[in-house]
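# Chains, contacts and geometry: an overview
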Amino acid sequence: VRLVESGGGLVQPGGSLRLSCQASGFTFSSYDMSWYRQAPGKERELVARIASAGGSTNYPDSVKGRFTISRDNAKRTVYLQMNSLKPEDTAVYSCNAFSRIFIINYWGKGILVTVSS
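We now turn to the structure provided with this report. (Residues numbered from 1 in each chain as written. Predicted model: local features only at pLDDT ≥ 70, side-chain atom pairs only at ≥ 80, totals over all residues. Heavy atoms only, no water.)

Strand order in the open sheet made by the four strands is 1-3-8-7, with antiparallel pairing throughout. Of all strands in the sheet, those bounded by a partner on one side alone are strand 1 (2-6) and strand 7 (67-72). Neighbour-to-neighbour, the strand axes of the sheet open up by a mean angle of 15°, direction not taken into account. Looking at chain direction, strand 7 and strand 8 (residues 77-82) are connected through six bridges and run antiparallel. Residue pairing in the sheet places Asp72 in a bridge with Thr77 of strand 8. (Pairing = 2+ DSSP bridges. Helix = DSSP H or I, 4+ residues; strand = E, 2+ residues; numbered from the N terminus. Axes fitted to C-alpha atoms, helices over the stretch in contact; angles between N-to-C directions.)

Written out as structure tokens, the structure reads:
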């Protein structure tokens, strides 16, 4: 099983980034996919989740209206479009796959997003 994140980096406040997570080794379409982040000295928090069927999404208030999660089951990829980025969005962003049937979590290694001028 592999989850490989890409698209991170340095961006100025107000800018945008799109993260991608390429999955392999499991039945991607059957898993809920999420993005989490962890800033230095803080606990990991959920940023966005999309259900396996792709129709249902949820976001915390801190990113609602700025971040959009989507998935392409044919490409086995989940995306996180991040707009209007703020310095407090700086964190390591990790991709997560969750099976409601088998109660299994898979994690990517994470990718750094830095929002700074």
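Here we come to the pattern of salt bridges. In this structure the tally under the stated criterion is five salt bridges. Here Glu45 and Arg37 are joined by a salt bridge, their closest N and O atoms 2.6 Å apart. Under the relative-accessibility criterion, Glu45 is labelled partly exposed at 32%. Among the residues examined, Arg37 registers a relative accessible area of 6% and is labelled buried. Where salt bridges share partners, they join Arg37, Glu45, Arg66 and Asp89 into one cluster. (Salt bridge = Lys/Arg side-chain N within 4 Å of Asp/Glu carboxyl O. Buried < 20%, exposed > 50% of the residue type's maximum accessible area, 1.4 Å probe, protein only.)

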